[in-house]
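One letter stands for each residue in the lines below.
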Amino acid sequence: MTAFHILLLIGGYFCLLLLISYFTGKNDSNDDFFQAGRQSPWYLVAFGMIGASLSGVTFISVPGWVQSSQFSYMQVVFGYLAGYLVIAWVLLPLYYRLGVTSIYEYLDQRFGNTSYKVGAISFFISRVLGAAFRLFLVAIVLQQFVFDAWGVPFELTVILSILLIWVYTFRGGIKTIVWTDTLQTLFMLLAVGLSIYFINQSLGWDLATFLTSEELKQYSQVWFTESLAERNHVLKSFLGGMFITICMTGLDQDMMQKNLTCRNLGEAKKNMVSFSLVLVVVKFFFLLLGALLFIYAERFQIATPLMDGSPKTDLLFPEIALNSGLDPIVGITFMLGLIAAAYSSADSALTSLTTSFCVDFLQIRKHPQDKQKALRKKVHLGMSALLVVVVILFKYVLDRNVIDGLLTVATYTYGPLLGLFAFGILTPYALHDKWVGVVALMVIGVVVLLVNLQQTLLGGYQFGYELLPINGLLTFLALLLIRRKTRSDLQ
């Protein structure tokens, strides 16, 4: 595919999103922007959340990770499933009972304003970094395979990408996103399925032959149980995956904002359970695709693309889809899937950041009614500019596989949220609220020190994603030190 053809695809896809935005954003009210009037069908939300959970990181980075980690990511995925069940039966009932717009309003009601702000700040930092990770991955693909040929700088690529997202979300917000996520999920799944089919075809295989091949066995080890000291041990991966889901979905305004648009708690639970079961299967197919890409690259001597002089396995999928001589349908569906992946994660992140900043920091409901819509639109524009800056910075500081980087960052930034919510749900105590911020900073400092200790001091132990529950546990224990023996009205 030429750069011009890719731009035509982007243009056509963007027009389709604008059409959806036109019909869903007619009302242009804050209620629709933040909560979609709580009228979203649960099955629509569930299907759309698959795309939002996958994002460009899963679409490109998970297949690229197979070479170094094999199928060990499935250990994390099974942990995800356990985490989704906790969300469905513990967190969703809490949010629906309180009727919150921002889930961090719970912390205000339970502990006080400082706890509320600590939770909102933790989400804000986490979501900015997470959205930037995802946008960065898509931007480098567009840069390498489209805009480099025309001499367009990376910075302009990022600005144009985020500008497109802002244009179709600034009116409809979450109501638009519930519908666009459905379309984006469809394109992503179609891209993976067709890529697996056509790459197998080019190898002279059918799916059954591929699944039983010796080549696949070189990449498909799922369970790693030899040493608990290893970073990818099954127990550490499972627990890390479970708590990553609880935090990055259940304690994350971005993902919960979609669930809170369902008509009632029962439908929200149906959405969460059905979505989580389908997601396990979908993630497995992404890993199969990753193995297939490396088998294909080895068979036809395709080198891993370079970025700034170093091999970048995240770019192997686009290299094979666009430049290896496969059927053109692979390149077309890849680009549609990539674009869908970019927009499905970034648009909801932009909307949730706008929601959180308006509700949690600016207290938008306290502003005059006739000023609220204008304020929301200014914040939406400001969040777009912030994402542009952070994505550009990543080009100069990121040195690891993007999915690994994203999950590693989550182990730091979501720890205070996990500890605060766990303390609120599991204990009857109130807190000396003014000290919560100090506690959160101290715990993060301790976690940073732990990670940077020499492995010899820990008997060769390597921290993996279990660092997130450790972070949450340390926060929980530290909160015990500032507890007040006063039962909350919410208990």
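Being a predicted model, the structure only gives us computed values, none of them experimental. Sequence positions are assigned chain by chain, starting from 1 and proceeding in written order. Totals for whole chains, interfaces and linings use all residues, but because this is a predicted model, local features are given only for residues with pLDDT of at least 70 and pairs of side-chain atoms are given and counted only at 80 or more. Note that the side-chain values use all heavy atoms of the structure and ignore hydrogens as well as water.

Novice: Honestly, the pattern of salt bridges in this entry has me stumped. Any pointers?
Specialist: Note that side chains of opposite charge can pair when their charged atoms are close. We count a salt bridge whenever a side-chain nitrogen from Lys or Arg sits within 4 Å of a carboxyl oxygen from Asp or Glu. Overall, the coordinates contain one salt bridge when judged by the stated rule. Among the salt bridges present, the one from Glu214 reaches Lys217, with a minimum N-O distance of 3.1 Å. Of this pair, Glu214 and Lys217 both sit in helix H10 (residues 214-217), separated by three residues, roughly a single helical turn. For Glu214, a relative accessible area of 51% gives the class exposed. A helix here means a DSSP run of H or I that spans at least four residues, while a strand means a run of E at least two residues long, and both kinds are numbered starting from the N terminus. A 1.4 Å probe rolled over the protein chains alone gives each residue an accessible area, and that area as a share of the maximum for its type sets the label: buried under 20%, exposed over 50%, partly exposed in between.

Novice: Quick question: what am I supposed to make of the packing of helix H19 (residues 436-452) against helix H20 (residues 467-480) here?
Specialist: How two helices pack is summed up by the angle between their axes together with the distance between the axes. As a rule, the C-alpha atoms of each element are fitted with a line to give its axis, helices using only the stretch in contact, and angles between N-to-C directions run from 0 to 180 degrees. Contact pair H19 / H20: the axes reach a minimum separation of 9 Å and the direction vectors enclose 140 degrees. In this view, H19 runs oblique relative to H20, as classed from their interaxial angle. The chirality of how H19 crosses H20 is right-handed. Residues Val436, Val439, Val443, Val446, Val447 and Val451 of H19 pack against Leu467, Asn471, Leu474, Thr475, Ala478 and Leu479 of H20. Any residue that is not Ala, Val, Leu, Ile, Met, Phe, Trp, Tyr, Cys, Pro, Asp, Glu, Lys or Arg is counted as polar, Gly included; the first ten are nonpolar and the last four charged. When the residues that make up the contact of H19 with H20 are grouped by side-chain class, the tally is 10 nonpolar, two polar and no charged. Under this scheme an angle from 65 to 115 degrees is roughly perpendicular, one under 35 degrees roughly parallel, and one over 145 degrees roughly antiparallel; angles in between are oblique. The hand of a helix crossing depends on one turn: near helix anticlockwise from the far one by less than a right angle means left-handed, and clockwise means right-handed. Whether two residues are in contact is decided by their heavy atoms: any pair within 4.5 Å suffices.

Novice: I keep staring at the nonpolar core and nothing clicks. Help me out?
Specialist: Soluble globular proteins tend to pack their nonpolar side chains together in the buried interior. Judged by nonpolar contacts, the single largest core of 151 residues is most densely connected at Phe59, Tyr95, Ile199, Met272 and Phe334. By residue number, the principal contributor to this core is helix H6 (residues 113-147), which donates 20 residues. Apart from residues no more than four positions distant in its own chain, Tyr95 is found in contact with Val100, Ile103, Gly250, Leu251, Met256, Leu260 and Phe421. Here, nonpolar core refers to any group of buried Ala, Val, Leu, Ile, Met, Phe, Trp, Tyr and Cys residues whose side-chain atoms link them within 4.5 Å.

Novice: What exactly am I supposed to notice about H19 here?
Specialist: What a helix is expected to span follows from its residue count: subtract one and scale by 1.5 Å. Between its terminal C-alpha atoms H19 stretches 25 Å, which fits the 24 Å expected from 17 residues at 1.5 Å a residue. Of all the residues in H19, the buried ones are Val436, Val439, Ala440, Val443 and Val447. The arc that holds the buried residues of H19, viewed along the axis, is 100 degrees, so those residues lie on one side. H19 presents Leu441, Met442, Leu449 and Asn452 as exposed residues on the side facing more than 90 degrees away from its buried surface. The directions from the helix axis to the C-beta atoms form the arc being described.

Novice: I'm lost on a nonpolar patch on the surface in this one. Help?
Specialist: Where nonpolar side chains cluster on the molecular surface, the patch consists of Phe78, Trp223, Leu228, Leu235, Phe238 and Leu239 and spans about 530 Å² of accessible area. Residue contributions to the nonpolar patch peak at three residues, all from helix H11 (residues 234-250). Mapped onto the fold, Leu235 is located in helix H11. By relative accessible area, which is 45% here, Leu235 ends up partly exposed. Residues qualify for a patch when their relative accessible area is over 30% and they have no salt bridge, like charges being joined within 9 Å and the nonpolar side chains of Val, Leu, Ile, Met, Phe, Trp and Tyr within 5 Å. Per-residue and other accessible areas were derived by the Shrake-Rupley procedure at a 1.4 Å probe size, with only the shown protein chains allowed to occlude residues.

Novice: Teacher, can you tell me more about helix H4 (residues 73-98) here?
Specialist: One turn of an α-helix holds 3.6 residues; hence residues three or four places apart share an orientation. Between the first and last C-alpha of H4 there are 35 Å, a value that for 26 residues agrees with the 38 Å anticipated at 1.5 Å per step. Here the bend at a residue means the angle between the axes of two seven-residue stretches, the one that ends at it and the one that starts at it. Of all bends in H4, the biggest is about 40 degrees, found at Ile87.

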